[in-house]
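One-letter residues, chain by chain:
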Amino acid sequence: GENVEQHPSTLSVQEGDSAVIKCTYSDSASNYFPWYKQELGKGPQLIIDIRSNVGEKKDQRIAVTLNKTAKHFSLHITETQPEDSAVYFCAARTSGAGSYQLTFGKGTKLSVIP
Amino acid sequence: GAVVSQHPSWVICKSGTSVKIECRSLDFQATTMFWYRQFPKQSLMLMATSNEGSKATYEQGVEKDKFLINHASLTLSTLTVTSAHPEDSSFYICSATEALHGELFFGEGSRLTVL
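Residues numbered from 1 in each chain as written. Chains lettered and ligands numbered in written order. Predicted model: local features only at pLDDT ≥ 70, side-chain atom pairs only at ≥ 80, totals over all residues. Heavy atoms only, no water.

Asker: What is the right way to read the nonpolar core from this model?
Answerer: In terms of nonpolar packing, the biggest core is built from 26 residues, with F67 and L112 of chain B touching the most fellow members. If you list the elements that add at least two residues to this core, you get β2 (10–13), β3 (19–25), β4 (32–38), β5 (44–51), β7 (67–73), β8 (76–81), β9 (90–98) and β11 (110–114) of chain B. Here F67 of chain B is in contact with R37, M47, Y58, V62, L79, T80, V81, D88 and Y92 of chain B, once residues within four sequence places are set aside. Core analysis: the next-biggest nonpolar cluster, separate from the first, contains 23 residues, V4, F33, F73 and A86 of chain A among them. (Core = buried A, V, L, I, M, F, W, Y, C linked by side-chain atoms within 4.5 Å. Buried < 20%, exposed > 50% of the residue type's maximum accessible area, 1.4 Å probe, protein only. Helix = DSSP H or I, 4+ residues; strand = E, 2+ residues; numbered from the N terminus. Contact = heavy atoms within 4.5 Å.)

Shown next as C-alpha cells:
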C-alpha cells in the first residue's frame, strides 16, 4: 500500500519568513495530494490540495508543488504569521474503484516566532 | 469548503458505559465517511471506513464489537464506543468525502475521557 513520509517533524521560523514542508510517497498511482492544518484540540482543516495533472498550485500565501517523477510534494508558506502555528499533515490518495482513503504523513509541528 | 459537524466535542463517562459520537455532513451527501483516532502528538490513525447502507470496513487491530459504526443515511455516521475503558480515552475524528470532487473534510473531533 501507499506510504507517505513527511519532514521535518518540527519546524520553527521567525514571523515573516517562509516555511517549507516536504513529503514523499511510494505509490506511483497516487493522484491526489491534500494538505491539512490542525490546531490544538481541533479537527484537521483542508488548506490546499493538488492533483497529479498539475505541477504547482497557489492560494495567497500558500503553495504546493508536485514532482511526480521523484514522487514528492511540498507545502510552501510565505510571510508566515503566528496564526500559522499548527500541525500540518500531508496526504496521498490513489483514486479508483470508489476508494477515497487517504494515507497521511506523521505531521509537522510549525511554530512561528513573533 | 464543505462542513462536517461532529458531536459531542467532548465527553466524560464512567468506565463500562457506552458513548455515541455523531458525524454529519451539513451541505453535501457523503457516501463514504471515515473514523480516526488520534493520540497526543501523533498522526491520524484510521479506524474504519463507513459506507452508507452497508457494514463498515475496519482496519486491522480495531475491534468491530468495541467500536460500532452505523452509516444509516448519506449525511450521518455514528461511532459508538461500547463498554468504554480508560484506554479508550482519545481524540476521535470523523471525515467525509465530497463525492463530486473527492475532497475530504474533517469534523472538529470528539475528546473522550473515560474515568
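Asker: Looking at this structure, how should I read the environment of Y36 of chain A?
Answerer: By secondary structure assignment, the location of Y36 of chain A is in strand β4 (residues 32–38). Sequence separation between Y36 of chain A and G107 of chain A is 71 residues, and the spatial gap between their C-alpha atoms is 9.3 Å. Setting aside residues no more than four positions away along its own chain, Y36 of chain A makes contact with P44, Q45, L46, I47, V87, Y88, F89, L102 and F104 of chain A together with L104 and F106 of chain B.

Asker: Would you explain the sheet that holds strand β8 (residues 72–77) of chain A in this entry?
Answerer: The pairing of strands in a sheet comes from backbone hydrogen bonds and takes either a parallel or an antiparallel form. Residues and elements named next belong to chain A. Here five strands make up an open sheet; going across it, the order is β1-β3-β8-β7-β6 and the pairing antiparallel. Edge positions in the open sheet fall to β1 (4–7) and β6 (56–59), since each of these has one partner strand only. Direction aside, the axes of adjacent strands within the sheet are offset by 15° on average. Bridge count for strand β3 (residues 19–25) against β8 is six bridges, and the pairing is antiparallel. The partner of A19 across the bridge, within β8, is I77. (Pairing = 2+ DSSP bridges. Axes fitted to C-alpha atoms, helices over the stretch in contact; angles between N-to-C directions.)

Asker: Is there a simple way to explain the interface of chain B and chain A in this structure?
Answerer: At the interface, 23 residues of chain B touch 18 residues of chain A. Summing both partners gives a buried area of about 1,500 Å² for chain B against chain A, and 56% of it is carried by carbon and sulfur. For the chain B face of the interface with chain A, the top three residues by lost area are S43, L104 and F106 of chain B, together amounting to 27%. Here chain B and chain A share four residue pairs in polar contact (both at pLDDT 80 or more) between them. Looking at the side of chain B that touches chain A residue by residue, the class counts come to ten nonpolar, ten polar and three charged. (Buried area = accessible area lost by both parts, 1.4 Å probe. Polar contact = N/O pair within 3.5 Å; in protein donor to acceptor, adjacent residues only side chain to side chain. Nonpolar A, V, L, I, M, F, W, Y, C, P; charged D, E, K, R; others polar.)

Asker: Would you take a moment to explain the state of the cysteines for this structure?
Answerer: Each disulfide consists of a covalent bond between the sulfur atoms of two cysteine residues. All names here are of chain A. Counted under the stated rule, the structure contains two disulfides over all chains. Disulfide partner of C23: C90, at an S-S distance of 1.9 Å. With the S-S bond torsion at -100°, the cross-link from C23 to C90 turns out left-handed. Of this pair, C23 sits in strand β3 while C90 sits in strand β9 (residues 86–92), and the two are 67 residues apart along the sequence. (Disulfide = S-S within 2.5 Å.)

Asker: So what exactly am I meant to see when it comes to the packing of aromatic side chains here?
Answerer: Evaluation of the coordinates by the stated rule reveals twelve aromatic pairs over all chains. For the pair Y36 of chain A and F104 of chain A, a centre-to-centre distance of 6.0 Å together with 55° between the ring planes defines the contact as tilted. Taken together, the positions of Y36 of chain A in strand β4 and F104 of chain A in strand β10 (residues 103–104) put the pair 68 residues apart, joining distant regions of the chain. Given the relative accessible area of 11%, F104 of chain A is considered buried. Here the aromatic rings of Y36 of chain B and F106 of chain B are separated by 5.4 Å at their centres, their planes lie at 45°, and the arrangement is tilted. You can see Y36 of chain B sitting in strand β4 and its partner F106 of chain B sitting in strand β10 (residues 103–106), a full 70 residues away along the chain. Judged by relative accessible area, Y36 of chain B falls into the buried class, the value being 1%. Looking at F106 of chain B, the relative accessible area reads 7%, which means it is buried. Among the aromatic side chains, those forming a connected cluster through ring pairs are Y36 and F104 of chain A together with F34, Y36 and F106 of chain B. (Phe/Tyr/Trp six-rings, centres within 6.5 Å; stacked < 30°, edge-to-face > 60°.)

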